[in-house]
2 protein chains.
Amino acid sequence: MINGKYEPLTIQNLARRLVLIPELTALVGADIGCWDVKEVGDGNLNLVFIVKSSAGSAIIKQALPYVRLVGDSWPLPLYRAFFEYHALTRQAARAKDSVPQVYYFDNNQALIIMEYLEPHKILREKLILGETVDHLADTLGKFCARTAFRGSDLSLDTAKVKSDRALFSGNVAIPAITEGLVFCDPYFNAEMNSNTPGLEKIVEVLRSDIEMKSRVQHFFRLYSAQQDTMCHGDLHSGSIMCTSWDSKVIDPEFATYGPFGFDLGMLFANYFMAFFSQPEHRSDNLEGYQSWILEVIVDTWEMFVEEFSQLWNTERTGMLYPKTMFEDQGHSSERALQDLLNDIWRNSLGFCGIEMHRRCLSLAHNADFETIEDLGRRASLEARNLMMGRDLVLHSDNISSTADLVKLAHKFNAENFI
Amino acid sequence: MINGKYEPLTIQNLARRLVLIPELTALVGADIGCWDVKEVGDGNLNLVFIVKSSAGSAIIKQALPYVRLVGDSWPLPLYRAFFEYHALTRQAARAKDSVPQVYYFDNNQALIIMEYLEPHKILREKLILGETVDHLADTLGKFCARTAFRGSDLSLDTAKVKSDRALFSGNVAIPAITEGLVFCDPYFNAEMNSNTPGLEKIVEVLRSDIEMKSRVQHFFRLYSAQQDTMCHGDLHSGSIMCTSWDSKVIDPEFATYGPFGFDLGMLFANYFMAFFSQPEHRSDNLEGYQSWILEVIVDTWEMFVEEFSQLWNTERTGMLYPKTMFEDQGHSSERALQDLLNDIWRNSLGFCGIEMHRRCLSLAHNADFETIEDLGRRASLEARNLMMGRDLVLHSDNISSTADLVKLAHKFNAENFI
C-alpha cells in the first residue's frame, strides 16, 4: 500500500513510492537502484510506466484526473482504474490468457500493477507496418465470445449479472466519452470534431441522412440500454498488443454492460480502417495484405460463432434459453442460437459503421489515417471508409454473411468519392 | 418510526404499533379507539390493511418474508417494499395522479402508508362484471408513455438513469418471479404449473413449437437486458384500481429497468384475457362489451403514441436522439420516433403473447378464467387465448396496426381449438 492521498507518479518518485509493495518487488526486486523506469503512456488517458530490472518487469498504470489527450480542461474521474481492475479480473477469469496478469491494485492511487507484455507491440502499429499476426482472429474471436457469453445471463447466475450491472453502472464518466464521441459528435458540428480537409461533402452526406442518423440512434439506444454482458467497451486496434503470434487485450477502462455485438463491431471497424488506409502505407503486396485484414475479420466472426456455439452447448447455465425449454424436451436449441447469433452479427455491423465514422470525424482519430501525410489522399481513403460505414449503419440487417461483408469492403475500396 | 426489528402487523396490534406515526395520525386521528382496521390483502404477496376513522383513511401495506400465495416455503425478501416505495415515488413524479399518494415509508418494517383509494375497485373485477371505465385507455396510455419516456435516457440525465438502473438491479428476487413464471415455466413441465383439464393438446402445441420458444427467449433476453426505462413490471388488471371514471395504478414491487414495451404488453394481455373470457361471464351485450375491451386496447396504444410523441417533442432532454442531430440541423426526428414506436409496438405484442400463456399455464392464474366453473368451457376459452398468444409471439413483427391486432382477436375468438 502507498500511504496518503492520490498523487500522480513521476519517473523520479516512482521507485521510492512503490518499493514497499511486495507484489512489485517480487517481480523486479527490492533494490531500486537497479530499476529502470520509463514512462510510455501513448494512449489518450493515463500514465503508464515500465519498470524493468535484471529480475523481471512490470507495468504501472495510473489514472490521471483528466483526459491526457486534452488536458486538465477535461476532468475525468480516477475511478476508471477501479473499473479497469474489475474488468481485467473478469476478463482473465472468462477468457484465460487473453489479458495481462494483474498483480496489484490500489484504488486510492488509481493504480494497477500488471504484466509487462514483451516483445508485444500495439496491433495498430503492426497493421500500419503491414505485419501479420498468427492466431489473431482465433484469439480475438474467442476473447469476444468468451467474455460475451460468460458475462451474461446465458452463463452466470442472474444475481451476479445484476450485481455486476449495478457495479458497472457506476462507470458513468468513461462510457460518456463513447456516448458523446461515438454516437453523437460525428453527426453534428460538435466542438471537438475535426476532419481531414476535403471531406466536407462526405460529412454533409452523413449529416443530412436522416434515416441513417435514426439508425445510429437506434444503435446508441442499444449501447446504452441493452445490457447483455460486460463489454470491453473500447476494443480498437490500439487496445490489442501482439507479437507475430500472440495477442493480448488491454485497457478495459471503458468496460460497461452493453450489447453482445458491441466489442465485435468496434474491432471490425478498426480492421476496416486499417484495410482502407493501406494504399498509402505500402505498394508491395498491397492486395495481399488487404486480403489478410479481411480474412482476419471473417475468421474472427467464424471463431466467435464457433466458440459461442461451443459455450452455448456446454456452459448454458444462466437463466436465458434454459435447457428445460429445449434439450430436456428433446428439442434442439440450434434455431434459438442461430437467431441470437444473427442478432449479434447485425448489431455488430451497425456499431462497426458508427465507429468507422467516429474515428475520422470526432475526437481521437486513428493513426491508420492520421499518419498519411498527403491530405488529399488521406481524405480520399477516409471517404471510402466513411461511406462504407454509412452503408453498414443503413443496411446492417441485410448483410447476411461474411462473404457479403467482404464484397462490400472491396466495392468501397474501389470507389472514389472525392 | 416503529421501534424494533421487523414484525408483521396484525389487526390486533396495528393501531398500537402505528399510533406514533404523525403521517398516519394526520390522516385518521390519534384516537385509536376510533380506528376501524381491516385486513384486505387479496394479492399474492403482502399484508394490506385499511385504517378508517371519521377523520379519514389510509392503506398500510407491509411485505411478508415469503410469497403469501404459496406460504413460507417460498421465501421472498422484505426489500420489495423498498423498491415499491422507490417506484411509487418515481411514478408519482413522472405520471401525476396515476398512483396512490405515499405518506410514509419504513424500510425496517417493509411498510408503506399510502392513500386509500375509495370507492375504487380492482379493474379485473370490473372486467368480469362487465363494467366500463371512462378514460381508462387515456389514463393507462398516458401512464405507460410518461413512465416509459421520463424514466429513460430520452429524458433523464444519464447519470440518473445509470444510478437508478443500479438501484433497481438490487431487486433480484421479485423480478425472478417474472423470469421464472412468465418466461420459462409455461414452456416446460415446471413444478408449480397448473392448467385447466382439456388444455393438454394446446400445451403440447406450445411446448413443441421450437420457433415460438426461441422467440419467447428472445423476449426474455429483452426483458432481462434491455434496460430502457423503469417499468412497473406487473401491470395486469389486478394492479389497476378504478371507479367508473378514475383509474390508478398500484403495486409496483416488480419495478425493474426493462424494455419500453413491457408494461404495455402485460396490460394488453390482461385485456385480451378479459376479452376471451367474456362469453362465460355474460350473454347480454356480450359483443358490445368485448368490443369495448378491444377499443380500450386500441385507444391505450393510440394514447401512448400521442403522449410519447408529445414528450418526444417537448421533453427530449436525455442523451438519446439528441436535438443536435436532428432539429438543430433543421431535420425532422419524426422518422426516428416512428422507428422507435414501431419497435415498442412489436415488442409489446411479444410480451403480450407470453403473458397470455403464463396466466393459464404457470402459477398465479387470472380470475377472468379461474372463476369460470364449467371446466370444459373454461378450457375452450383459454385455448383461444393461448393460441392467440402463440400467434403474437411468432408474428409480433408483422402485425403492423391496431386494426390488425383487433382482427386477430376476433379471429381467435371465433375458433374452437378443443
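As the structure is a prediction and not an experimental result, all values here were calculated from the model.

Our next topic: the overall build of chain A. Scanning chain A from terminus to terminus reveals 15 helices and twelve strands. Expressed as lengths along the three principal axes of its C-alpha atoms, the size of chain A is roughly 65 × 60 × 40 Å. Put simply, chain A has 418 residues, and 62% of those count as buried. For chain A, restricting intrachain contacts to residue pairs at least 6 apart in sequence, the fraction spanning at least 24 positions comes to 74%. Element-wise, carbon and sulfur atoms account for 50% of the exposed surface of chain A, whose accessible area totals about 14,800 Å². With 39 positive and 56 negative side-chain charges, chain A shows a separation of 2 Å between the mean positions of the two kinds.

It is worth spelling out the pairing of strand E6 (residues 102–106) of chain A at this point. With four bridges connecting them, E6(A) and strand E7 (residues 111–114) of chain A associate as antiparallel partners. Bridging from a neighbouring strand, Val102(A) pairs with Met114(A) of E7(A).

Moving on, we come to the pairing of strand E5 (residues 71–75) of chain B. All names here are of chain B. Pairing geometry for strand E4 (residues 66–67) and E5, over two bridges, is antiparallel. Across the sheet, Tyr-66 pairs through a bridge with Pro-75, a residue of E5. Hairpin connection between E4 and E5: a loop of three residues separates the two successive antiparallel strands.

The next subject is the side chain of His86(A). Here His86(A) lies in helix H3 (residues 80–94). Once residues within four sequence positions are removed from consideration, His86(A) is found in contact with Leu167(A) and Phe168(A).

This part is about the pattern of salt bridges. All names here are of chain B. For the coordinates displayed, the defined rule picks out 62 salt bridges over all chains. Among the ionic pairs, Arg-94 bridges to Asp-164, the shortest N-O distance being 3.7 Å. Of the two residues, Arg-94 is situated in helix H3 (residues 80–94) and Asp-164 in helix H6 (residues 158–169); the sequence distance between them amounts to 70 residues. A relative accessible area of 2% means that Asp-164 is categorised as buried. Residue Glu-355 pairs with Arg-358 through a salt bridge whose shortest N-O separation is 3.6 Å. On the criterion of helical spacing, the pair formed by Glu-355 and Arg-358 is a turn pair, its members being three residues apart in helix H12 (residues 334–361). When its relative accessible area of 0% is taken as the criterion, Glu-355 is described as buried. Residue classification places Arg-358 among the buried residues on the basis of a relative accessible area of 6%.

This paragraph deals with the environment of Leu181(B). Residues and elements named next belong to chain B. Looking at the secondary structure, you find Leu-181 in helix H7 (residues 173–181). Relative accessible area serves as the criterion here: at 4%, Leu-181 is assigned to the buried category. As a C-alpha pair, Leu-181 and Gly-29 span 152 residues in sequence and 42 Å in three-dimensional space. Residue contacts for Leu-181: discarding those within four places in its chain leaves Trp-74, Pro-186, Met-192, Arg-358, Ser-362 and Leu-363.

Turning to the nonpolar core, a few remarks are in order. Phe272(A), Phe308(A), Phe272(B) and Phe308(B) are the most contacted members of the largest nonpolar core, which totals 250 residues. Ignoring sequence-local partners within four residues, the contact set of Phe308(B) consists of Ala145(B), Ala148(B), Phe149(B), Leu154(B), Leu337(B), Leu340(B), Leu341(B) and Ile344(B). The next biggest cluster of nonpolar side chains, apart from the first, holds ten residues, and it includes Val67(B), Ile177(B), Leu181(B) and Phe254(B).

Turning to the interface of chain A and chain B, a few remarks are in order. Taken residue by residue, the interface counts 46 residues in chain A and 46 residues in chain B. A buried area of about 4,100 Å², summed over both sides, lies between chain A and chain B, and 61% of it is on carbon and sulfur atoms. Contact with chain B buries surface across chain A, with Lys162(A), Arg221(A) and Met325(A) losing the most and accounting together for 18% of the total. The interface formed by chain A and chain B holds eight salt bridges in total. Across the pair Asp343(B) and Arg221(A) runs a salt bridge, and its minimum N-O distance is 2.7 Å. Inspection of the region where chain A meets chain B yields 26 residue pairs in polar contact (both at pLDDT 80 or more). Elements with a contribution of two residues or more to the side of chain A that touches chain B: helix H6 (158–169), helix H9 (210–225) and helix H12 (334–361) of chain A. Considering every element that reaches the side of chain A that touches chain B, the biggest residue donor is H9(A), with twelve residues. Residues that form the side of chain A that touches chain B fall into these classes: 21 nonpolar, 13 polar and twelve charged.

Now for the relation of the copies chain A and chain B. Of the transformation placing chain A onto chain B, the axial shift is 0.0 Å and the rotation is 180°, giving an RMSD of 0.0 Å. One copy is carried onto the other by what is essentially a two-fold rotation axis. The share of interface residues of chain A whose copies in chain B are also at the interface is 100%, consistent with both copies meeting through the same surface.

Two strands in a sheet stick together by hydrogen bonds in their backbones, pointing the same way (parallel) or opposite ways (antiparallel). Residue and element names in this part refer to chain B. Taken together, the three strands give an open sheet; going across it, the order is E8-E10-E11, and neighbouring strands pair in antiparallel fashion. If you trace the sheet from one side to the other, it starts and ends with strand E8 (121–122) and strand E11 (247–249), each paired once. Relative to E11, strand E10 (residues 240–242) runs antiparallel, the two sharing three bridges. Of the residues in E11, the one forming a bridge with Met-241 is Lys-248. Along the sheet, helix H5 (residues 136–150) contacts E10 and E11; its crossing angle with E11, the most-contacted strand, is approximately 30°.

Residues and elements named next belong to chain A. Split by domain assignment, chain A resolves into domain 1 (14–114) and domain 2 (121–413). The C-alpha centroid of domain 2 is placed 27 Å from the C-alpha centroid of domain 1. Every contact between the two is made by 25 residues of domain 1 and, on the other side, 30 residues of domain 2. With both sides pooled, the region where domain 1 packs onto domain 2 buries about 2,400 Å², and carbon together with sulfur makes up 67% of that total. For domain 1, the biggest contributors to the area lost against domain 2 are Phe-83, Gln-91 and Arg-94; these three give 30% of the whole. For the pair domain 1 and domain 2, the interface holds four salt bridges. At the junction of domain 1 and domain 2, the tally comes to nine residue pairs in polar contact (both at pLDDT 80 or more).

Turning next to a nonpolar patch on the surface. Residues Leu69(A), Val70(A) and Met192(A) make up a contiguous nonpolar surface patch of about 220 Å² in total accessible area. Along the chain, Leu69(A) turns up in the loop between strand E4 (66–67) and strand E5 (71–75).

Calculation rules
- Residue indices follow the written sequence of each chain, beginning from 1 at its first position.
- Labels follow written order: the first chain is A, the first ligand is 1, and so on.
- Whole-chain, interface and lining totals are the exception, using all residues; otherwise, since this is a predicted model, local features are given only for residues with pLDDT of at least 70 and side-chain atom pairs are given and counted only at 80 or more.
- Just so you know, side-chain values use all the structure's heavy atoms and leave hydrogens and water out.
- Helix and strand assignments follow DSSP, with helices taken as H or I runs no shorter than four residues and strands as E runs no shorter than two, numbered in order from the N terminus.
- Think of it in three bands: with a 1.4 Å probe and only protein chains considered, a residue is buried below 20% of the maximum accessible area for its type, exposed above 50%, and partly exposed in between.
- Note on definitions: a residue-residue contact is assigned when non-hydrogen atoms from the two residues lie within 4.5 Å.
- Areas reported here follow the Shrake-Rupley algorithm with a probe of radius 1.4 Å; residue values treat only the protein chains shown as occluding.
- A residue counts as positive if it is Lys or Arg and as negative if it is Asp or Glu; His and the chain ends are not included.
- Charge placement uses NZ in Lys and CZ in Arg. For Asp and Glu, CG and CD serve respectively.
- The pairing criterion is simple: DSSP has to find at least two bridges between the two strands.
- By definition, a salt bridge exists where a carboxyl oxygen of Asp or Glu is found within 4 Å of a side-chain nitrogen of Lys or Arg.
- Throughout this description, the term nonpolar core refers to a set of buried Ala, Val, Leu, Ile, Met, Phe, Trp, Tyr and Cys residues connected via side-chain atoms within 4.5 Å.
- By convention, the term buried area covers the 1.4 Å-probe accessible surface removed from two parts as they join, with the contributions of both added.
- Between N or O atoms, a polar contact is any pair within 3.5 Å; within protein, one atom must be a potential hydrogen donor and the other a potential acceptor, and residues adjacent in sequence are included only when both atoms are from side chains.
- For this classification, Asp, Glu, Lys and Arg are treated as charged, while Ala, Val, Leu, Ile, Met, Phe, Trp, Tyr, Cys and Pro are nonpolar and the rest, including Gly, are polar.
- To superpose the copies, least squares is applied to the C-alpha atoms of every residue with a pLDDT of at least 70 in both.
- Angular values range over 0 to 180 degrees, each being the angle between N-to-C directions of two axes fitted as lines to C-alpha atoms, with helices fitted over their stretch in contact.
- Domain ranges listed in this record stem from an automatic or a database domain assignment.
- Like charges within 9 Å and nonpolar side chains (Val, Leu, Ile, Met, Phe, Trp, Tyr) within 5 Å are joined into patches, using only residues over 30% in relative accessible area that form no salt bridge.

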